Structure formats: C-alpha cells, structure tokens
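What follows is the residue order along each chain.
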Amino acid sequence: MICVYGAGSIGCYVGGRLAASGADVVFVGRERIAAEVRAHGLHLTDLDGAEARVEAPRYETDPAAAADADLVLVTVKSAATAEAAARLAPRLRPGTPVVSLQNGLRNTEVLREGLPAAAAIPGMVACNVVHRGEGRFHRATAGGLEVQAHPALDAHLAAFDRAGLPLALHDDLLGVQAGKLILNLNNAVNALSGLPLRTELSQRAYRRVLALAQREALAAFKAAGITPARTAGADPRLIPAVLGLPDALFARVAARMLAVDPLARSSTRDDLESGRPTEVDFLNGEVVALAAEHGTRAPVNERLTALVHEAEAGGRRDWSGPELLAAMVRPD
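All values reported here derive from a predicted model rather than from experimental measurement. (Residues numbered from 1 in each chain as written. Predicted model: local features only at pLDDT ≥ 70, side-chain atom pairs only at ≥ 80, totals over all residues. Heavy atoms only, no water.)

A short note on the packing of aromatic side chains
Part 1: A complete count under the given rule lists 1 aromatic pair for this structure.
Part 2: Considering the side-chain rings of phenylalanine 27 and tyrosine 59, the 5.9 Å spacing of their centres and the 5° angle between planes classify their relative orientation as stacked. Of this pair, phenylalanine 27 sits in strand E2 (residues 25-28) while tyrosine 59 sits in strand E5 (residues 58-60), placing them 32 residues apart in sequence. Grouping residues by exposure puts phenylalanine 27 and tyrosine 59 together as buried.
Part 3: A cation sits over an aromatic face here: arginine 207 above phenylalanine 250, 4.0 Å from the ring centre. (Phe/Tyr/Trp six-rings, centres within 6.5 Å; stacked < 30°, edge-to-face > 60°. Helix = DSSP H or I, 4+ residues; strand = E, 2+ residues; numbered from the N terminus. Buried < 20%, exposed > 50% of the residue type's maximum accessible area, 1.4 Å probe, protein only. Lys NZ or Arg CZ within 6 Å of the ring centre and 35° of its normal.)

Re the nonpolar core
Part 1: Counting residues in hydrophobic clusters, the biggest one holds 43 residues, and the most contacted among them are Leu192, Phe221, Leu304, Leu324 and Met328.
Part 2: Of all the elements in the fold, those that place two or more residues in this core are helix H6 (174-184), helix H7 (186-193), helix H9 (204-224), helix H10 (239-243), helix H13 (284-293), helix H14 (299-312) and helix H15 (321-329).
Part 3: Considering every element that reaches this core, the biggest residue donor is H9, with 9 residues.
Part 4: Residue contacts for leucine 304: discarding those within four places in its chain leaves Ala188, Val189, Leu192, Val209, Ala213, Asn284 and Met328.
Part 5: Within the second largest apolar cluster, 35 residues are counted, among which are Cys12, Val14, Leu44 and Cys127. (Core = buried A, V, L, I, M, F, W, Y, C linked by side-chain atoms within 4.5 Å. Contact = heavy atoms within 4.5 Å.)

A word on the environment of alanine 64
Part 1: Examined against the element boundaries, alanine 64 turns out to sit in the loop between E5 and strand E6 (71-74).
Part 2: Alanine 64 sits 152 residues away from glutamate 216 along the chain, and the two C-alpha atoms are 43 Å apart.

Some thoughts on the packing of H6 against H9
Part 1: Remark: H6 packs on H9, axes separated minimally by 9 Å, with the N-to-C direction vectors making an angle of 155°. By the criterion of interaxial angle, the relationship of H6 to H9 is roughly antiparallel. With respect to the hand of their crossing, H6 and H9 are arranged in right-handed fashion. Contacts between H6 and H9 involve Ala178, Leu181, Ile182 and Leu183 from the first element and Leu210, Gln214, Ala217, Leu218 and Phe221 from the second. (Axes fitted to C-alpha atoms, helices over the stretch in contact; angles between N-to-C directions. Parallel < 35°, antiparallel > 145°, perpendicular 65-115°, else oblique. Left-handed = near helix turned anticlockwise from the far one by under 90°.)

Side note on the side chain of threonine 141
Part 1: Within the fold, threonine 141 resides in the loop between strand E10 (136-139) and strand E11 (145-148).
Part 2: One polar contact links the side chain of threonine 141 to the main-chain amide nitrogen of asparagine 128, over a distance of 2.8 Å. (Polar contact = N/O pair within 3.5 Å; in protein donor to acceptor, adjacent residues only side chain to side chain.)

Structure representation (structure tokens):
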C-alpha cells in the first residue's frame, strides 16, 4: 500500500494517477480536501490531454492510516516536514521508504532526523499542478517525478510506470533539486504579479527580476560546491541571459518555458489566495541562507522574500513588472 501524506494538489495528482492505474493508495491530509475528495472523487487531467478518474479514493485525516504503508510519499509544505516526521515516526515499520516530493533542498535531512528507522529518500515533482475544485487536479506544465535511486524503491517502480509517472532515478538528486530551485524562484515573482504564469513570463520586466534572483542563486550554489543540473532542457547558467531577451525573441527561443496552461499560477500565489503560509523561505529564502553560509548576500532574493511575507500579511499582490524590477534595483 502507498500512503500519500499531506495530500494537497501535488499529492492528489500523483496519488490519484497511481490509484487510477490500480495501485492501493491511501491519502492523508486536511479535512477540507478530504471532504471535497469524498464528495467528488478525483478527476486528473493534464495539458497533454490525458484524463483519469478515481471514484471513491480512500482519504483520511488521521496519520494512523499510514501504519500499513509499504511506501510513503510526503507532499506536505516544507514548513510542515518536521511535524509530518513526528506524526509518522511511531506508526511506520522500520525500513519503510519515505520519499520527499517537496520543494527546497533540505527536507530529506529533516525527515531523516525525525524518522531514523525509515529510509528517507529525496525526490521532487518537476511540474505544476492546479487545483480546480470539486476533486479536479490538472498538471499544467511539463515534467515528471525525479527521485534518488534506492533499493527500497525497486519494488514500486512498476506501479509508477503503470500510472504514466515513471520515476526518473538519479545517483545524487542534489543537483536536480538545485536546478528546480532556480526555476522555482519565479514562484515569488508570479505571486507578486497576480498574473497567470504564462502572462507573467511573457513580460520582460518580470523575467529580468527572475534573472537577477537566479544569478544570485547560481553564485550561492557555486560557493557551496553545488552544480545545478540542466533544467527544462537548458544549462541553468544560460537561463538568466535568455530571460532578459526582448519579448518576441524570448517567445521563439524559450517556447518550452511558455508551454504552460493559460490559467496556471505558482503554488505561492495559490497559498496567498488561500490564506496559507507560503514556502518562500524554502525557495528564495534558501538562496539567502545559502549565500549567508558562505559569507555573501543575495539582496534580490532577500527583497522578494520580504515582499511575499508582506503579501501574506495583506500587502500588495499586484506589482507591475517595472515596479517590481525597480524595487529590486532600488529596494530602499
């Protein structure tokens, strides 16, 4: 049995695809999502036209539902990782593989500390999932599941293959996670713009803000000895330059980056609109922390982090591209 722990948008999509292909799946999460899923089931779609349904998924709110799991997929927000580990620790059998399908770089370390008897494995979801209500979850960008290779996963690979979500296995996931983090720095920009992802990325001023944040990340990774993997088919070192191209040229050169559902937004924007704390401290804030650990600063990411926290407290969520760029160049 596979347990999806912290099943929100990502968890419902991944777990739903597994369940629709015949896997035994239990979802564990908040009552709000549980009530919706119980009432409507799960309806999974993607931008490529695929569609799957699960009429009566098992969605629980008690962590005890994870007790019989042979595999746990952790999809909680990064700030809740330690709490998730504490709740799972007394319930899981020793050696149970626990895969972190979360944003950020350090969640697996937190899981290992809180679940010393389990096999905590780093992973990531390289796509955006939109929650459309009434049990509908839509993959709005390209990308799949990336996981660090581990013998405990071997028995489960076929289930992911059947679900159309094959696990891309890596000897070391840190570079892949770093590559995704570089793209995820756009979450804050998108949230502050108030626009759909495609609309925001189509405007050069917003992209210039993102490029500034990415250059800081690349410098921090270099100082830390981390080499980001190729992202969206491109060398991460080249992405900031591409982002700075004029709009028409960018649309031709970076068509893959714009190949997203017209209504897709960042998870940070969704969190703001739902009144939930965002993950900005584990994205832009991670760059700030990594830079500080190596004696430098990341002022653009500092400013973006601060603006998102202000937005969480009721501040602006409708920055134009030129306004936001000016705030990065002259933050005071």
